[in-house]
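# Chains, contacts and geometry: an overview
One letter stands for each residue in the lines below.
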Amino acid sequence: MAKIIITDESLKKSAITYRRELLIMPIISAMATLQHMTPRPGVAGRDVVGELSGDIDLGPYDPKRIDDTDMSVKPRVLETYLGSVVKSFDPNSVAKTVYGQLQAQGESLANADISQQVLNYLAMKLGGKLNSAIFSAKRNDAGKTTAELFDGFDTITQKEIDGTAIAEGAGNLYNFGEAIDSTNAVDMLMNFYEAADDNLKAVPTKLFIPGNVYTAYNRDYLQTFGSVPYNSEYKKTFLEGTDNLCELVPLAGKKGSSFLHLSTKGNMVYGYGDGLAAENISIEKYHPFLLYFVATMYFGCQFESISKERLFVGKLSA
């Protein structure tokens, strides 16, 4: 292996030079999930999101008729929280890991800044935690992990159910009467989709599901439609019977979830700082051989609307 020369000064310099890029790196690293959602950059603390509601009607020509029915905004609050981490690491060990990964990809380090690559590696590790926690996270002011930094979509959902804003009577909740498995997954998911509001079914949507539900759907689909001509692949991207309007989105962060979420990409909102003043990444040295990666960044998520026209939640049976 070629000789790697990396110092704390070079890392500190790179942290300053590439500060904004490094702060965005965790978001990029979590794109396996976040690509299916809508970003709100530059949010520090509370930001009001919501939907405009009201009605308008075109009637027979009448120059004296004025529609003065009310328009209203149903506000929801997207709250991002400032998180922090201090991580000690051996710069030489990380440098060798990064070097090996780049060499495996056939990339040359001749023109690469190895210090920047080391910082990218550490910042991307933060993104993996966001990817896992975006549904299950539950805010705990005294917490120490990403899973306690903000309220994830499942946590927000449960709070809205407890407050009866998400309910069967409101048309945005569906209770599965039995567990989904490889013998009934196709019918169960199709019945769930058919029960959604017509306005939601008329637009492209995403169905966020745990991996085991997706596996059950694929297996049941193979048994149900295995011999039909249009069943050309085992892996299914869209829910059957939706004219490719409903995309199946199995996510690692949905493992163990009690809910399925049918919604639009625009309704699933996440906020992040995008390099705001309170956010920072730095390298500190308090030990003869170890360095400390110090980072602060904002993150949070919210539904723009929980109305039945924008969101349909499926409560899974144990």
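So, here's what we can say about the structure.

Rules behind the numbers
- Residues numbered from 1 in each chain as written.
- Predicted model: local features only at pLDDT ≥ 70, side-chain atom pairs only at ≥ 80, totals over all residues.
- Heavy atoms only, no water.
- Core = buried A, V, L, I, M, F, W, Y, C linked by side-chain atoms within 4.5 Å.
- Buried < 20%, exposed > 50% of the residue type's maximum accessible area, 1.4 Å probe, protein only.
- Helix = DSSP H or I, 4+ residues; strand = E, 2+ residues; numbered from the N terminus.
- Contact = heavy atoms within 4.5 Å.
- Expected span 1.5 Å × (residues − 1).
- Salt bridge = Lys/Arg side-chain N within 4 Å of Asp/Glu carboxyl O.

Counting residues in each nonpolar core, the largest one holds 31 residues, and the members touching the most others are M37, F150 and F299. When residues of this core are traced back to their parent elements, those giving at least two are α5 (114–133), α6 (153–162), β9 (268–272), β11 (291–303) and β12 (311–315). Broken down by element, the residue count for this core peaks at four residues, all from β11. For F299, the residues in contact, after removing those within four places along its chain, are I27, L34, E79, T80, Y81, L130, I134, L149, F150, Y270, G271 and Y272. Counting residues in hydrophobic clusters, the runner-up holds 26 residues, among them M188, Y217, Y221 and F225.

You can see Q116 is positioned in helix α5. Q116 sits in the buried class, given a relative accessible area of 18%. C-alpha separation for the pair Q116 and Y18, spaced 98 residues apart in sequence, amounts to 7.5 Å.

Taking 1.5 Å per residue as the helical rise, α5 with its 20 residues ought to reach 28 Å, and the 30 Å between its terminal C-alpha atoms agrees with that figure. Every buried residue of α5 is listed here: I114, S115, Q116, V118, L119, N120, L122, A123, G127, L130, N131 and A133.

Time to look at the pattern of salt bridges. Summed over the entire model, instances satisfying the criterion amount to 12 salt bridges. Of the charged contacts in the structure, one is a salt bridge between R40 and E304, with a shortest N-O distance of 3.2 Å. Taken together, the residues span a long stretch of sequence, with R40 in strand β1 (residues 38–41) and E304 in the loop between β11 and β12 at a distance of 264 residues. Among the salt bridges present, the one from D151 reaches K159, with a minimum N-O distance of 2.6 Å. Classification of D151 by relative accessible area gives buried; the value is 14%. Because the salt bridges share partners, they merge into one network encompassing R40, D47, E304 and R310.

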